[in-house]
Protein chains: 4
Amino acid sequence: MAGSTFGTIFQITTWGESHGKALGVVIDGCPAGLPLCESDIQQYLDRRKPGSSSISTPRKEDDTVEILSGVFEGLTTGAPVSLMVRNTSQRSADYGEIAACYRPGHADYTFDAKYGFRDYRGGGRSSGRETIGRVAAGAVAAKILKQLGISVCAYTRSIGPVEIDPAHFDRSAILTTPTAMPDTEADKAAVAYLEEIRKNTDSVGGCMECMVEGLPAGIGDPVFEKLDANLAKAIMSIGAVKAVEIGDGCTVSLRKGSQNNDPFRNNGGQITKAANHAGGILGGISDGGTLRIRAHVKPTPSIFLTQQTVNKDGKEIDINIKGRHDPVIVPRAVVVMECMTALTVLDAMLLNMSARLNHLVEFYAGDDPCQN
Amino acid sequence: MAGSTFGTIFQITTWGESHGKALGVVIDGCPAGLPLCESDIQQYLDRRKPGSSSISTPRKEDDTVEILSGVFEGLTTGAPVSLMVRNTSQRSADYGEIAACYRPGHADYTFDAKYGFRDYRGGGRSSGRETIGRVAAGAVAAKILKQLGISVCAYTRSIGPVEIDPAHFDRSAILTTPTAMPDTEADKAAVAYLEEIRKNTDSVGGCMECMVEGLPAGIGDPVFEKLDANLAKAIMSIGAVKAVEIGDGCTVSLRKGSQNNDPFRNNGGQITKAANHAGGILGGISDGGTLRIRAHVKPTPSIFLTQQTVNKDGKEIDINIKGRHDPVIVPRAVVVMECMTALTVLDAMLLNMSARLNHLVEFYAGDDPCQN
Amino acid sequence: MAGSTFGTIFQITTWGESHGKALGVVIDGCPAGLPLCESDIQQYLDRRKPGSSSISTPRKEDDTVEILSGVFEGLTTGAPVSLMVRNTSQRSADYGEIAACYRPGHADYTFDAKYGFRDYRGGGRSSGRETIGRVAAGAVAAKILKQLGISVCAYTRSIGPVEIDPAHFDRSAILTTPTAMPDTEADKAAVAYLEEIRKNTDSVGGCMECMVEGLPAGIGDPVFEKLDANLAKAIMSIGAVKAVEIGDGCTVSLRKGSQNNDPFRNNGGQITKAANHAGGILGGISDGGTLRIRAHVKPTPSIFLTQQTVNKDGKEIDINIKGRHDPVIVPRAVVVMECMTALTVLDAMLLNMSARLNHLVEFYAGDDPCQN
Amino acid sequence: MAGSTFGTIFQITTWGESHGKALGVVIDGCPAGLPLCESDIQQYLDRRKPGSSSISTPRKEDDTVEILSGVFEGLTTGAPVSLMVRNTSQRSADYGEIAACYRPGHADYTFDAKYGFRDYRGGGRSSGRETIGRVAAGAVAAKILKQLGISVCAYTRSIGPVEIDPAHFDRSAILTTPTAMPDTEADKAAVAYLEEIRKNTDSVGGCMECMVEGLPAGIGDPVFEKLDANLAKAIMSIGAVKAVEIGDGCTVSLRKGSQNNDPFRNNGGQITKAANHAGGILGGISDGGTLRIRAHVKPTPSIFLTQQTVNKDGKEIDINIKGRHDPVIVPRAVVVMECMTALTVLDAMLLNMSARLNHLVEFYAGDDPCQN
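Residues numbered from 1 in each chain as written. Chains lettered and ligands numbered in written order. Predicted model: local features only at pLDDT ≥ 70, side-chain atom pairs only at ≥ 80, totals over all residues. Heavy atoms only, no water.

**Regarding the overall build of chain A**
Across its full length, chain A holds eight helices and 18 strands. Expected size for 372 residues packed as a compact globule is a radius of gyration near 21 Å; at 22 Å, chain A falls within 12% of this value. Based on the C-alpha atoms only, the size of chain A along its principal axes is roughly 70 × 50 × 35 Å. Relative to its 372 residues, chain A shows a buried fraction of 69%. Of the contacts formed within chain A by residues at least 6 apart in sequence, a portion of 69% connects residues at least 24 apart. (Helix = DSSP H or I, 4+ residues; strand = E, 2+ residues; numbered from the N terminus. Rg over C-alpha atoms; globule rule 2.2 N^0.38 Å. Buried < 20%, exposed > 50% of the residue type's maximum accessible area, 1.4 Å probe, protein only. Contact = heavy atoms within 4.5 Å.)

Listed below in structure tokens is the structure:
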């Protein structure tokens, strides 16, 4: 257990490094009977590809997924679903000089400290390419959630100082704007800002947000396996995320109880809330409202300005990083956030099935296994 | 696995509800040979007691811990350490009317949604008293960390608008100020502010911070078990926490790479960093710098103003909560944050022991089990 | 995680040593809504008490269970169920001389080798009293299984050379014979045999068997979490068990395929098997037949004959164990086997609820959490 | 978590079905710095290939392993090691008629009962080919154990009535005899016996045994994670195994304490035992003696005699299985037993590193992460 497994029932194990032969994921615990084909997954992977616009790396990544197991006659069988993407576009030469020194803001030093050496080609396991397995698995989770009437949607909320305007919110723009912003005007401003950043060979941070709609009340477990605790872990585990907020997040520390409590109401026979400061979670368990999660992402550490650092012998040196890097991480990380959220929510729903004795009794009563 | 277990090697399982007979924790995986007695734990539990000042509940909680197992002749034996605190001061009558309705901002509704009914006495398992087990176990973890030269220290950073001044930082004040602020002036201002809040029968949020010093580089695992991901889960699992930040946290989303990267330096033969925006973690693994974690805590949901809600039949009603409640959660939650951090860091250190083959070979070479 | 936790969803953590203050168990993941009181558990604990007959230790153990948490108004709430038994009858003086040497057949040496020292009072954590937590938790699991129409029944099959006669099988005798044999004649012969053994200050081994009836087909998971694999672990984890057999067990290695395969038949519309060599499990998954598990138990290692051993300094010495010990372990271990089986089967049933997508969809369709 | 993951620190996840595109395994938690190449693994996989002799299936399986990740410049990096074997020789036509009915002794019925349908091509996930992942991972574990001075060796003990003679024990024969017997004479007798069995279109069971030498005392955890409990699970999880024995196994139930206890002796300053009835484990923890584990394997369920069964509609039918099957499973399962044992022992050793506080303190004292 060295960190590559996530989830309890819907459990995924990712593998692969940036410049290895391939990357992939094994999903164990996927319910049997789900229609699944490569294109279900490919459309999610395509969202984390670098675009052709000025705001992303000119590196070409053509990540084609292959289903290796767990699907028979178009349906998942209950056996592990193994998904693989072959690496095709690695120019190791670009990374040669990094081998001997520690890039600021990267995991070079910490991997060396932990393992005694490291795969220095493009970050190895700490590369953003590690997220391929997360996204491939998350696509499967999201497909199951859709069958349960639950949608998960992440987008860019801000890039540097450029923020979306909630009044212009347009979900359809998420998949079409280069920034993954749900606001075409903010997108334009952000693209202009990023061109400036790139010209200065610098990078910038940003914020992304995720909404889960349709989730019933009662999902999540008390104490350590709270739904928000697991979401925080899931999202913070995405490289470069430095803060996670649930609902109104950081602003609650300035607020009074009379402002922050969400009143319960009866909405045509359905218990709902008149506000959603809580972001859809109370006591670690979903309350039937929309889940709202926000993540703050640091600027791409690979910048093309001269930086101070040390080499492996501890000698202080100046470093000039070359290569092809995104000036901002957020637009390509949005789908990763969406997928980690889907994985977390689905797993909590599967665990929840055994929470009540009467549900257990109903489930097994009159069970005629080969006929239903 | 319904959420009451935390950790992989140093694994704790907490139990107990606010108005039950007792609360406690079982620590499994505590290394053998640690000197341990009740007072080691009691001093941590005492920090989460309500104080005598105006800022905390007048409820008297006299939580006395008993070590039930796992210690022999003053040392831990490797067997589970079972710790128990008997409940003594439950005035159930105060909570009687809550049984039939859902308090805003509480977990009443979500527990009902999950389990079909709930222990309505004082929140049951969602009560702040649930943290007794965390603190008792965290005291043990902190004692082990101290033997490894690592200190964990949490404190109140702000209460509502009143924030500590870093220039006045005084660690010794944390244990003596009623607010757990390391700044006696800010403490006074916060106490005055809280008296106002209490007069208005309202409550307020706040922010707490935790620092870990002395942690070597190399702790934490890549991908899903990143040290910051596990800290985020640990801290977000504390009731009322709505946001977790690592290092510079939310501010990174506004920053440029050239501002945010921490340069590596050679400090008398030791690799260190000239800045610590990262909060001591790069790629999910400790970098040798001080860990810095911040948590934003919502206002106490129990306020004494009239609030709108529904009862169990879905009827809309007004509710007036009675009882004894803190106007702010933070001062008593600080020790919980410290303990969850200690538990997370220690577990990561235990897991790290098998990261390298040469360490494994050294460990078992010449192992003469009964003589060393 | 030092070995005291068992199960994935219905997860138990036991604690306590033979001569500590108390022993107990925390059950996390117990479905909410189960009627539960102390007597449900006490009746199982009473079955592992030493009897008054000549075949068991004259030690008096009066193990009274207390429910500390997780039950409200007579029903489990979904919160951890904490169960405790206080130790009352420890005569530590009996064990004093063991501290300095390694009893043959006991875990004295191996605990020292692992932990560097040990709790030498009566075996500490390796004592048979450790099973108190297993039995208390197993009683809860068995109560749930009963609600699902599933019975679990263990008994003594043989003691030394005295074996039960299947033709005389009488389930009601299990709870009344001192040997826990379902055959009063074999019981008498075994008691006579044991008196002989005791007279010779020796001890003897035996065999116990467990049957699970009413289990539907489809329970268990392929590959590593096979139902029989988990049963083997559960049963082998009982101290003194040295072999576990499923169905026809060891005899299959001598058999031909034409003799060993169980033909499927149509029994009034129900698929059944015409034989049950497999013991109710095929490919690690239950087949609807009766589960049959057998365990072979070594003789009590505490005998009153002079034995050769070494002391902690490695000096070869003769040892004469004193104290109060059962001449055979099996009659008191039968209820432990029954409980470990119940725990294993229930956990597999809870995990199975999410095996099929259509079950998941049905479960959440139209879920009105507060009304069903 | 649907059963395809094994181990806590050295954790493997296998995937793939008999007639899918490929099979494989992901090893997470492999210590960094192990020299590893494909041939290390291939030599283990070759041992589970069908031979050319009369005793195995004429099916040609050419299982070539590919290392996809986790190895850089010939050393493991600490990242997941992903291993894959492409399927090449699947003649699905052979299995066509099985789709509609339940083969006796196979998992056809139970998979249908669990999942609602199944991959009927050659058993899918319940096929013996599932063990490819176990063997590939076990080869890595065995290589690490070898560096720690520990050898794991499994062999065929008996096939039907033909048993090896301990007096003729010849370890080198295991890899050269078609039966994997360490006794060339018994091998010849067994081959002759199997030719008879094959002529009668029947099959037969057998027994395999595994020895672990060089394991230090102190490995394994008390209570549920006993070393023998985990070995029992590991071995029982191999398809067709119906009984597992540790040390003297089943025979202990007939034995007296005075015969069964192993006396401790001082062997030139080293504590050893004068006998090893216990099979190297006391109280679930290794005692420094040789581990001895035995497994009883049922006859291959695929026989070519007419058998009674039902089809998916419950109609009673006669079935005649065609195809290519081994008359006995044991010779090809021996390497699987060896690998499962290696995986279990290694994982227990990694977990054991944090058992004592003084070891923890020594480990981190003066830790200069980038220089040792």
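There's plenty left to go through after this.
**A short note on helix H7 (residues 330-352) of chain D**
Each α-helix winds once per 3.6 residues, and so residues spaced three or four apart point in a common direction. With 23 residues, H7(D) ought to run about 33 Å at 1.5 Å a step, and its terminal C-alpha atoms sit 32 Å apart, in line with that. Across the 23 residues that make up H7(D), a large majority, 23, are buried. (Expected span 1.5 Å × (residues − 1).)

**Overview of the interface of chain C and chain A**
In this complex, chain C contributes 29 residues to the contact, which on the side of chain A involves 29 residues. Summed over the three residues of chain C that lose the most area to chain A, namely C:Met353, C:Leu357 and C:Tyr364, the buried surface amounts to 24% of that side. Counting the contacts that link chain C with chain A gives zero salt bridges. When contributions to the side of chain C that touches chain A are tallied by element, the ones reaching two or more residues are helix H3 (131-147), helix H7 (330-352) and helix H8 (357-364) of chain C. Tallied by class, the residues present in the side of chain C that touches chain A amount to 20 nonpolar, seven polar and two charged. (Buried area = accessible area lost by both parts, 1.4 Å probe. Salt bridge = Lys/Arg side-chain N within 4 Å of Asp/Glu carboxyl O. Nonpolar A, V, L, I, M, F, W, Y, C, P; charged D, E, K, R; others polar.)

**A closer look at the environment of A:Arg324**
Looking at the secondary structure, you find A:Arg324 in the loop between strand S18 (316-319) and helix H7 (330-352). The spatial distance from the C-alpha of A:Arg324 to the C-alpha of A:Ser302 is 9.0 Å, given a sequence separation of 22 residues.

**Notes on the interface of chain C and chain D**
Taken together, the contacts link 104 residues of chain C with 103 residues of chain D. Of the roughly 8,400 Å² buried between chain C and chain D on both sides combined, carbon and sulfur atoms contribute 61%. When residues of chain C are sorted by the area they lose upon contact with chain D, C:Lys114, C:Phe224 and C:Lys242 head the list and together hold 11% of the total. For the pair chain C and chain D, the interface holds six salt bridges.

**As for the packing of aromatic side chains**
Tallied over the full model, the rule gives 32 aromatic pairs over all chains. Considering the side-chain rings of A:Phe72 and D:Tyr120, the 5.0 Å spacing of their centres and the 85° angle between planes classify their relative orientation as edge-to-face. Of this pair, A:Phe72 sits in strand S5 (residues 71-72) while D:Tyr120 sits in the loop between helix H2 (108-115) and helix H3 (131-147), placing the two residues on different chains. D:Tyr120 sits in the partly exposed class, given a relative accessible area of 24%. Grouped by ring-pair contacts, the aromatic residues A:Tyr102, A:Tyr109 and B:Phe264 constitute a single cluster. (Phe/Tyr/Trp six-rings, centres within 6.5 Å; stacked < 30°, edge-to-face > 60°.)

**Quick look at the sheet that holds strand S4 (residues 65-69) of chain C**
The strands that make up a sheet are held in pairs by hydrogen bonds between backbone atoms, and each pair lies either parallel or antiparallel. Residue and element names in this part refer to chain C. Reading across the sheet, the five strands line up as S1-S2-S3-S7-S4 and stay open at both edges, with antiparallel pairing between neighbours. In this open sheet, the two strands that pair with only one neighbour each are strand S1 (5-6) and S4. Pairing of strand S2 (residues 11-15) with strand S3 (residues 22-28), which is carried by five bridges, proceeds in the antiparallel orientation. Among the inter-strand pairings, Gln 11 is bridged to a residue of S3, identified as Asp 28. In the packing of H3 onto the sheet, contacts are made with S2, S3 and strand S7 (81-86), and the angle to S3 comes to roughly 35°. (Pairing = 2+ DSSP bridges. Axes fitted to C-alpha atoms, helices over the stretch in contact; angles between N-to-C directions.)

**Topic: the sheet that holds strand S8 (residues 151-159) of chain A**
Spatially, the 10 strands line up as an open sheet ordered S9(A)-S8(A)-S10(A)-S16(A)-S11(A)-S11(B)-S16(B)-S10(B)-S8(B)-S9(B), and their pairing is antiparallel. The open sheet terminates on both sides in strands that have one partner only, identified here as strand S9 (162-163) of chain A together with strand S9 (162-163) of chain B. Looking at chain direction, strand S8 (residues 151-159) of chain B and strand S10 (residues 206-213) of chain B are connected through eight bridges and run antiparallel. Directly across from B:Cys153, in S10(B), lies its bridge partner B:Met211.

**A closer look at the relation of the copies chain C and chain A**
Between the two copies of this chain, the relationship is a rotation about some axis together with a displacement along it. For the pair chain C and chain A, the best superposition has an RMSD of 0.0 Å and corresponds to a rotation of 180° with a translation of 0.0 Å parallel to the axis. Here the transformation between the copies is reduced to the relation of a two-fold axis. Within chain C, C:Met353 has its C-alpha nearest the rotation axis, a separation of 3.4 Å. Mapped onto chain A, 100% of the interface residues of chain C are again interface residues, and the two copies thus contact each other with one and the same surface. (Least-squares fit on C-alpha atoms with pLDDT ≥ 70 in both.)

**Brief notes about the relation of the copies chain C and chain D**
When chain C is fitted onto chain D, the two copies agree to an RMSD of 0.0 Å after a turn of 180° and an axial shift of 0.0 Å. Comparing contact sets, 99% of the residues at the interface of chain C also lie at the interface in chain D, consistent with an isologous, same-surface contact.

**Comments concerning the confidence of the model for chain A**
Looking at chain A as a whole, the pLDDT averages 93, with 93% of positions reaching at least 70. Interface confidence for the predicted complex, given as ipTM, is 0.96, next to a pTM of 0.97. (pLDDT = per-residue confidence, 0-100.)

**Overview of the packing of helix H1 (residues 38-47) of chain A against helix H3 (residues 131-147) of chain A**
Residue and element names in this part refer to chain A. As a packed pair, H1 and H3 sit with axes 9 Å apart at the nearest point and diverge in direction by 130°. Our classification of the angle between H1 and H3 gives oblique. Relative to H3, the crossing made by H1 is right-handed. Contacts between H1 and H3 involve Asp 40, Ile 41, Tyr 44 and Leu 45 from the former and Ile 132, Val 135, Ala 136, Ala 139, Val 140, Ala 142 and Lys 143 from the latter. Residues belonging to the contact of H1 with H3 are distributed by class as follows: nine nonpolar, no polar and two charged. (Parallel < 35°, antiparallel > 145°, perpendicular 65-115°, else oblique. Left-handed = near helix turned anticlockwise from the far one by under 90°.)

**Structural notes on unusual backbone geometry**
Look at C:Val223: it is not a glycine, yet its phi comes out positive at around 65°. Tracing the sequence through the fold places C:Val223 in the loop between strand S10 (206-213) and helix H5 (227-236). A residue is classified by how much of its surface remains accessible, and C:Val223, at 2% relative accessible area, is buried. Positioned with a positive phi, D:Ala240 is a non-glycine residue whose angle comes to about 85°. Within the secondary structure, D:Ala240 sits in the loop between helix H5 (227-236) and strand S11 (241-246). D:Ala240 sits in the buried class, given a relative accessible area of 15%.

**Quick look at the pairing of strand S18 (residues 316-319) of chain B**
Residues and elements named next belong to chain B. As paired elements, strand S17 (residues 307-310) and S18 share four bridges and run antiparallel to each other. Directly across from Val 310, in S18, lies its bridge partner Glu 316. Linkage of S17 to S18, two consecutive antiparallel strands, is achieved through a turn of five residues, within which Gly 314 is found at a positive phi near 85°.

**Comments concerning the side chain of D:Thr177**
Residue and element names in this part refer to chain D. Assignment of secondary structure puts Thr 177 in the loop between strand S9 (162-163) and helix H4 (184-199). On the basis of relative accessible area, Thr 177 is assigned to the buried category, the value being 10%. Among the polar contacts made by the side chain of Thr 177, one reaches the main-chain carbonyl oxygen of Met 181 at a distance of 3.0 Å. Discounting chain neighbours no more than four positions away, the residues touching Thr 177 are Thr 184 and Asp 187. (Polar contact = N/O pair within 3.5 Å; in protein donor to acceptor, adjacent residues only side chain to side chain.)

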